[in-house]
Amino acid sequence: MSVTIRFCGAARTVTGSCYLFETRAGRFLVDCGMFQGQKTLKELNYGAFPFRAADVDAVLLTHAHIDHSGLLPKLVRNGFAGRIHATRGTIDLCSYMLPDAGSIQESEVLALNRRNTARGRAEVNPIYTQADAIASLQSFTPVEYETWIDVIPGVRARYWNAGHLLGSASIEIEFADENTPGKLMRILASGDIGPDAKLLQPDPDAPAGFDYVICESTYGDRERPATTPAARRARLAEEVREAATRKGALLIPAFAVERTQELLVDLVDLMERGDIPRAPIFLDSPLAIRATEVFRKHAESLDPEVDLRRLLNSTQLRFTETVDESKAIAKLTGFHIVVAASGMCDAGRIRHHLRNWLWNARATVLLVGFQAQGTLGRFLADGARAVRIQGNEIKVAASIRSIDDYSGHADGSELARWIAARRPILRGLFLVHGEEPAIAGLSERISARIIPAARAFQPLLDDIYELSASVPTPLDAARRRRLAPEAVVALDWHNDMSKLVLDINDRIEAAADDRGRGVIIRRLRRALEDS
Ligand SMILES: [Zn+2]
């Protein structure tokens, strides 16, 4: 028996979940996500896959988020002809999210090529188009939770509710040994794991007793105060009341799916109870509007205690579908609420609203989810005094706030508990899908108490392991790496560069007079020449 795994994404510090499993009978992927965050990583989306798409026989998809599903249209365009197995909730969400991702890439590449032409650089092609994304939807095939499906000969899989997002799953995979009938190797891929007590979702579920577990670590170094629906609403109400006293826009960059619907439900509920001032709530995202429809459709399978249909029909809610409607919001003054994607502010209509309001001290920006390194949302969360949006430098005068209660991710101790409940884990635990401190934090939490340190692994991008031996054996991947290990681990230089430029601008503007400015520039020039 030979089974190898290649970490084609979601390795240490790298986003974009994608694992390639290979046996003598064939190859399949768990997830085929888009790299997000740092520029160096995003460039990988344009490069070749580290495998031939036509050689892949099947895909097991954990959930619809773009960092798990976003490169599926590229996979299909490059010759993948197998099935993409996913739950119905995931398929419904992907049928809006992937075409939306395709059109975002088309428009981003259009803008990039305009800049490239002006600088005399070569044009680039979008990773895939909206049409590619629509075509890829034909490959999806629905699976039921907790029901075995055949993947490739000798391999079957079963999906368990991961409580992270509508349709999300952890996937149990069983490999039969062709030489020893009845002997099995069992693997669990966590996907993204939801927190306990999440609005609209059950607590994560999965069986126990595996040879290998692959576990995400997004919030591995974080502890969230225990939350209840009442505490979460109280915290949101406090932020909204504070924003209302500033008398400007409250901008909520939201992930189009789930977080947005949770927020809308809470905002409407708070207004109806009179806990926050009444004001129009704009949902300014065609994708989020579609996703809201998917939630209405699946309302029965979600939390029975939330009257989703009634709350989502509130007259306080304004769905702005067209660009003209969206532009009209920009003319508003006074307190109003705008919920727009993307959640990390790196794409979508939220960027236009940020450009309009960030410089204005009357505005509030409320961050409600994980902000990856290198995204505009992360810069804001880290207290940047100025940021660049669409080539313009914009001072940050708005109040930047964040709340954690809407997170779709388990925190450090919830992840540790989830891992503990999967024991025995006989051969190896792979900690993936987290930045350096997050993986280190989770590793510390579980080492010794939950699993011996020698059995926990932190793979880097493009690492390959042979899994059929008694311990996972790394295979030589050095010649096939897309990024040098140092590049993966080191903080992206693009980030350092933009921070440096902003700091220089700041210092020069803050100088007393032109003479002072001249001194700073001469000193910088000298430092450059000395280096
Ligand atoms: Zn996710």
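Residues numbered from 1 in each chain as written. Predicted model: local features only at pLDDT ≥ 70, side-chain atom pairs only at ≥ 80, totals over all residues. Heavy atoms only, no water.

K.L.:
Would you explain the nonpolar core in this entry?
P.N.:
When a protein is soluble and globular, its nonpolar side chains tend to lie buried together. One finds Leu75, Leu93 and Ile337 to be the most contacted residues of the largest nonpolar core, which totals 74 residues. It is helix H7 (residues 259-273) that provides the largest number of residues to this core, a total of 7 residues. With sequence-adjacent residues up to four places away left out, Ile337 is seen in contact with Val240, Leu250, Ile252, Leu267, Met271, Pro280, Ile281 and Phe282. In terms of nonpolar packing, the next biggest core, distinct from the first, is built from 38 residues, Phe28, Leu44, Ile149 and Ile214 among them. (Core = buried A, V, L, I, M, F, W, Y, C linked by side-chain atoms within 4.5 Å. Buried < 20%, exposed > 50% of the residue type's maximum accessible area, 1.4 Å probe, protein only. Helix = DSSP H or I, 4+ residues; strand = E, 2+ residues; numbered from the N terminus. Contact = heavy atoms within 4.5 Å.)

K.L.:
Looking at this structure, I do not really get the sheet that holds strand E9 (residues 169-176). What am I missing?
P.N.:
In spatial order, the strands read E7-E8-E9-E10-E11-E20-E21; together these 7 strands make up an open sheet with mixed pairing. A strand with exactly one partner marks an edge of an open sheet, and here the two such strands are strand E7 (149-152) and strand E21 (456-457). Pairing analysis gives 3 bridges linking E7 to strand E8 (residues 155-161), with the strands arranged antiparallel. By the bridge assignment, Ile149 is partnered in E8 with Ala157. Here helix H13 (residues 412-420) sits on the sheet and contacts E9, strand E10 (184-189), strand E11 (210-216) and strand E20 (425-432); the angle it forms with E11, its principal contact strand, is near 165 degrees. On the sheet, helix H14 (residues 436-446) packs against E11 and E20 and is oriented at approximately 150 degrees with respect to E20. (Pairing = 2+ DSSP bridges. Axes fitted to C-alpha atoms, helices over the stretch in contact; angles between N-to-C directions.)

K.L.:
Where do I start with the environment of Asp203 in this structure?
P.N.:
Structurally, Asp203 can be placed in the loop between E10 and E11. Considered as a pair, Asp203 and Ala162 are 41 residues apart in the sequence and their alpha carbons are 7.3 Å apart.

Don't take any of this as a statement about function, it's just geometry.
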